[in-house]
Amino acid sequence: MLYAVPTASAFGLQSSPETDRSTGGNGFGFSIPGGDELGAPPEADPANPSGEEPANAIPEVHYDLSTLPPAVASMREKIIAAARSGDETQMRAVIGLSSPPPVFSPTGEGDPIDILKAASGDTAGLEVLAILLDVLDAGWVVKGGGTPQVRYIWPYFAELPPNALDRRQLVEAYRVLTAGDMEEMRAVGSYEFYRLEIAADGRWLLFMAGE
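Now for a look at the structure at hand. (Residues numbered from 1 in each chain as written. Predicted model: local features only at pLDDT ≥ 70, side-chain atom pairs only at ≥ 80, totals over all residues. Heavy atoms only, no water.)

### Some details on the sheet that holds strand S2 (residues 151-154)
Strand pairs in the sheet, formed through backbone hydrogen bonds, run parallel or antiparallel to each other. This is how the line gets drawn: Pairing between strands is defined by DSSP: at least two bridges between them are needed. A run of H or I in DSSP counts as a helix once it spans at least four residues, and a run of E counts as a strand once it spans at least two, with each numbered from the N terminus. Angles shown run from 0 to 180 degrees and are taken between the N-to-C directions of axes, each axis being a line fitted to C-alpha atoms and, for helices, limited to the stretch in contact. Contact criterion: two residues are considered in contact whenever any of their non-hydrogen atoms come within 4.5 Å of each other.
Within the open sheet, the four strands sit side by side as S1-S2-S3-S4. Their pairing is antiparallel. A single partner strand is all that each edge strand has here, and the edge strands are strand S1 (141-143) and strand S4 (204-209). Taken over all neighbouring pairs, the strand axes of this sheet differ in orientation by 25° on average, direction set aside. Two strands pair when backbone bridges link them, and S1 and S2 are joined in this way by three bridges, in the antiparallel orientation. Note on S2: the bridge partner recorded for Val141 is Ile153. The strands that helix H1 (residues 70-85) touches are S2, strand S3 (194-199) and S4; relative to S3, the one it contacts most, it runs at about 140°.

### Thoughts on the environment of Ala57
Stated precisely, the cut-off is as follows: Relative accessibility decides the category of a residue: with a 1.4 Å probe and only protein chains considered, values under 20% of the type maximum give buried, values over 50% give exposed, and everything between is partly exposed.
Of note, Ala57 is situated in the segment before H1. By relative accessible area, Ala57 is classed as partly exposed at 33%. Spatially, the C-alpha atoms of Ala57 and Leu160 are 9.3 Å apart, while their sequence positions differ by 103 residues.

### A look at the packing of aromatic side chains
Counted only if it meets this: Paired rings are identified among Phe, Tyr and Trp, the last through its six-membered ring, by centres lying within 6.5 Å, and are further divided according to the angle between planes into stacked (under 30 degrees), edge-to-face (over 60) and tilted (the rest).
Across all of its chains, the model carries eight aromatic pairs by this definition. Judged by centre distance (5.9 Å) and plane angle (65°), the ring pair of Phe157 and Tyr191 falls under edge-to-face. Highlighted residues: Phe157 in the loop between S2 and helix H5 (167-173) and Tyr191 in the loop between helix H6 (179-188) and S3, separated in sequence by 34 residues. Residue classification places Tyr191 among the buried residues on the basis of a relative accessible area of 4%. Chaining the aromatic ring pairs together yields one cluster made of Phe104, Phe193, Tyr194, Trp204 and Phe207.

### Considering the pattern of salt bridges
Condition: Here, a salt bridge means any Lys or Arg side-chain nitrogen found within 4 Å of an Asp or Glu carboxyl oxygen.
Enumeration over the complete set of coordinates arrives at 12 salt bridges. Its salt-bridge partner being Arg168, residue Glu172 comes within 3.0 Å of it at the nearest N-O pair. Pair noted here: Glu172 and Arg168 are both in helix H5, with a separation of four residues, about one helical turn. Judged by relative accessible area, which is 28%, Arg168 ranks as partly exposed. Across the pair Arg186 and Glu183 runs a salt bridge whose closest N-O atoms are separated by 2.4 Å. On the criterion of helical spacing, the pair formed by Arg186 and Glu183 is a turn pair, its members being three residues apart in helix H6.

### A look at the nonpolar core
Note the cut-off: Among buried residues, the Ala, Val, Leu, Ile, Met, Phe, Trp, Tyr and Cys ones that are joined through side-chain atoms within 4.5 Å form a nonpolar core.
The biggest cluster of nonpolar side chains holds 51 residues, and the ones touching the most others in it are Ile79, Trp154, Tyr194, Leu196, Trp204 and Phe207. Setting aside chain neighbours within four positions, we find Leu196 in contact with Ile79, Leu132, Val135, Leu136, Tyr152, Ile153, Trp154, Trp204, Leu206 and Phe207.

### A look at the pairing of S3
Each regular strand displays side chains that alternate between the two surfaces of the sheet. With six of its six residues buried, S3 lies for the most part within the structure. With four bridges joining them, S2 and S3 adopt antiparallel strand pairing. Paired with Tyr152 across the two strands is Ile198, which belongs to S3. Across five bridges, S3 lies against S4 in antiparallel orientation. Across the sheet, residue Arg195 finds its bridge partner in S4, namely Met208.

### Quick word on helix H3 (residues 112-119)
Put simply, the rule is: To obtain the arc, one takes the directions from the helix axis to the C-beta atoms. For this analysis, a polar contact is any N or O atom pair within 3.5 Å, provided that within protein one partner can donate a hydrogen and the other can accept it, and provided that sequence-adjacent residues contribute only side-chain to side-chain pairs.
Those residues of H3 lying buried are Pro112, Ile113, Ile115, Leu116 and Ala119. Projection of H3 onto a plane perpendicular to its axis shows the buried side chains occupying an angular sector of 160°, all on one side. Of the surrounding secondary structure, the elements contacted by the buried residues of H3 are helix H2 (88-95), helix H4 (126-136), S3 and S4. One side-chain oxygen of the residue at the start of H3 lies 3.2 Å from the amide nitrogen of Ile113, identifying that residue as Asp111.

Nothing here speaks to function; it is geometry throughout.
The following block contains the structure:
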């Protein structure tokens, strides 16, 4: 692969990427099925009584930033500002806003800035910050909707089968990956590069590479 990164355990029906591109970023929106005209809740699906998405379901991809929960949008902007600055102190401050702090390694141990530097092609960790910005500029998906574990995941193609990406999606993926990276991921059947997750309450959950 193009970037030397540690292997880590990580963690669509498609809306138009042109949606709200003027905002300079991407966003997510989802709708909750309503009841009938009397306001009664819909009947549970006998095949899926919990209401959770099936494990093999392809998540919906969205780009409209205005539909993100305010706490998620705020954290995303803070991460982007810190990464753009290239300043270690600013990045450490954003990392410190979440409790527990975001995970940067499979063990959850180690200093986050040291981990970023070790994974980067340069000694200052700036290469990985550039990857982080490209990841957050992609569309995203939501997993665990309707549960306390709901989380917003970037890039969206981390949650789609590599072989399912169309030509337009591949162009987006190639902003983060090389074509060689993608071929390797097709061979194993899963995305294995960087992903970032934010909880619905705005906590930064993780940023790391791996399946």
